[in-house]
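In case you want the letters, here they are:
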Amino acid sequence: MKITVTKFGLLAGGLMFAGGLMFAGGTQEEDPPSVAQVVALDECDPFTFNAALGADFCKNVALGAATKFTDLFAKAKAGTPDPGWDFEPDIVHMRKGTILDVVDQGGEPHTFTEVAHFGGGFIGDLNGGEATVPECADGFKNLAVAKTRILQGSHSQITGLSKGEHLFECCIHPWMRVKVEVK
Ligand SMILES: [Cu+2]
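The model shown is predicted, which means the values in this text are computed figures rather than measured ones. (Residues numbered from 1 in each chain as written. Predicted model: local features only at pLDDT ≥ 70, side-chain atom pairs only at ≥ 80, totals over all residues. Heavy atoms only, no water.)

Novice: Explanation requested: the sheet that holds strand β6 (residues 113-115) in the structure shown.
Specialist: The strands that make up a sheet are held in pairs by hydrogen bonds between backbone atoms, and each pair lies either parallel or antiparallel. Ordered by their spatial adjacency, 4 strands build an open sheet running β3-β10-β9-β6, and the pairing between neighbours is mixed. In the strand order of this sheet, the two ends are held by β3 (91-94) and β6, each with one partner. Going from strand to strand, the sheet's axes swing by 30° on average, the running direction of each strand aside. Relative to strand β10 (residues 177-182), strand β9 (residues 164-169) runs antiparallel, the two sharing 6 bridges. In the strand pairing of β10, glutamate 165 is matched with glutamate 181. (Pairing = 2+ DSSP bridges. Helix = DSSP H or I, 4+ residues; strand = E, 2+ residues; numbered from the N terminus. Axes fitted to C-alpha atoms, helices over the stretch in contact; angles between N-to-C directions.)

Novice: Just to check I follow, could you spell out the state of the cysteines for this structure?
Specialist: Note: disulfide means a covalent bond formed between the sulfur atoms of two cysteine side chains. According to the stated counting rule, one finds 2 disulfides in the structure shown. A sulfur-sulfur separation of 2.1 Å characterises the disulfide bridge that pairs cysteine 44 with cysteine 58. Its S-S torsion of about 95° marks the bond between cysteine 44 and cysteine 58 as right-handed, since a negative value means left-handed. A residue pair is termed long-range when its members are at least 10 positions apart, and cysteine 44 in the loop between β1 (35-41) and α3 (46-53) and cysteine 58 in the loop between α3 and α4 (69-77) qualify at 14 residues. (Disulfide = S-S within 2.5 Å.)

Novice: How do you make sense of the packing of aromatic side chains when you look at a structure like this?
Specialist: We describe a pair of aromatic rings using the distance from one ring centre to the other and the angle between the two ring planes. Summed over all chains, the structure comprises 6 aromatic pairs. Relative to phenylalanine 168, the ring of phenylalanine 112 lies with its centre 4.4 Å away and its plane at 10°, an arrangement referred to as stacked. Here the residue phenylalanine 112 occupies a position in the loop between β5 (110-111) and β6, and phenylalanine 168 occupies one in strand β9, the gap between them amounting to 56 residues. The pair phenylalanine 112 / phenylalanine 168 is uniform in exposure class, with both members buried. Put simply, the rings of Phe49, Phe69, Phe73 and Trp85 touch in pairs and so form one group of aromatic residues. Positioned above the aromatic ring of phenylalanine 140 is the side chain of arginine 149, whose terminal nitrogen or guanidinium carbon lies 4.4 Å from the ring centre. (Phe/Tyr/Trp six-rings, centres within 6.5 Å; stacked < 30°, edge-to-face > 60°. Buried < 20%, exposed > 50% of the residue type's maximum accessible area, 1.4 Å probe, protein only. Lys NZ or Arg CZ within 6 Å of the ring centre and 35° of its normal.)

Novice: Can you walk me through the sheet that holds strand β8 (residues 155-158) in this structure?
Specialist: Strands sit in the order β2-β1-β4-β8 across an open sheet of 4 strands; the sheet is mixed. Edge positions in the open sheet fall to β2 (86-88) and β8, since each of these has one partner strand only. Going from strand to strand, the sheet's axes swing by 20° on average, the running direction of each strand aside. As paired strands, strand β4 (residues 99-104) and β8 are joined by 4 bridges and run antiparallel to one another. By the bridge assignment for β8, leucine 100 is matched with isoleucine 158.

Here it is, written out as structure tokens:
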């Protein structure tokens, strides 16, 4: 590859530098880190959510597919949590060094919190009977949890994940779960 670059550079004369960059782009060690994308989704109904939680908590993005505040709790309690609250994809396969970028395209805040084992979040009535996992304990009073919050329309980038399996969930809506496999 290097020989090819040199030959190309000589032939191209003044364009050698640009040519070298072009070829370097094709080699692995010179590639910028790639990005794996995770999207957080929800269908919060702004009228009922904001009546319960305050103005502007939920911004409507669901265009008619909204779930009312009490329905979200009823479904979670029944063990059939609303599938509109979701991280996509459910499983991410990526190489070590890849940036994991999480964007909240839903209407309300979420967390993207690494946990040792999937389980309940910090709002008991949304846990469907599962116990709160230690990583979500005390909710946003716990700075470690607050740091993993993602607001509507914003991104969170996770870097430096070690090889192996990593589990992430939302500490508010704990059925929002992602498994990340780093090779
Ligand atoms: Cu959430």
